[in-house]
Amino acid sequence: QVQLVESGGGLVQAGGSLRLSCAASGRTFSSYAMGWFRQAPGKEREFVAAISWSGGSTYYADSVKGRFTISRDNAKNTVYLQMNSLKPEDTAVYYCAAYYGLGLTRPAYEYDYWGQGTQVTVSS
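To keep things clear, this report deals only with the structure shown in the data block.

Rules used throughout
Residues numbered from 1 in each chain as written. Predicted model: local features only at pLDDT ≥ 70, side-chain atom pairs only at ≥ 80, totals over all residues. Heavy atoms only, no water. Phe/Tyr/Trp six-rings, centres within 6.5 Å; stacked < 30°, edge-to-face > 60°. Helix = DSSP H or I, 4+ residues; strand = E, 2+ residues; numbered from the N terminus. Buried < 20%, exposed > 50% of the residue type's maximum accessible area, 1.4 Å probe, protein only. Lys NZ or Arg CZ within 6 Å of the ring centre and 35° of its normal. Contact = heavy atoms within 4.5 Å.

Scanning all chains against the criterion turns up 9 aromatic pairs. For the ring pair Tyr-32 and Tyr-113, a centre distance of 5.9 Å and an interplane angle of 70° mean the geometry is edge-to-face. In this pair, Tyr-32 is assigned in the loop between β3 (18-25) and β4 (33-39) and Tyr-113 in strand β10 (residues 113-114), connecting sequence segments 81 residues apart. Residue classification places Tyr-32 among the buried positions, given a relative accessible area of 9%. One aromatic cluster is present, built from ring pairs that chain together Phe-37, Phe-47, Tyr-59, Tyr-95, Tyr-99, Tyr-111 and Trp-114. Between the NZ or CZ atom of Arg-72 and the centre of the ring of Phe-29, over which it lies, the distance is 4.5 Å.

Rendered as structure tokens:
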């Protein structure tokens, strides 16, 4: 069992930065690949980024590539999402999620555990 708690969301102007954190409970955190997803009002949940259990491999949605960076610290049971050059279209609730397995292109329904989400609002 893995419990996930996101933090770090907030209101930021376009062009600004935020760093989201996702703290995980459970001794097996390092066995799970981790992902970030987001959901804007009236839209479906979409993939943002994923990182392998070791942190050695990452994968990004085209919409955030070059602006966002996913990382993890297995000693702290935490995964991060550094978001730079934020745009109003990045406004959404951001969720972290965990799955036990290989591959970084898993759809949302294959993730085993989810956090409650944190709101990110980017003003123009």
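Another aspect to go through is the environment of Thr-58. Along the polypeptide, Thr-58 turns up in strand β6 (residues 58-60). For Thr-58 and Ile-70, which are 12 residues apart along the polypeptide, the C-alpha to C-alpha distance reads 7.2 Å. Residues in contact with Thr-58, not counting those within four places in the same chain, are Ala-50, Ile-51, Ile-70 and Leu-104.

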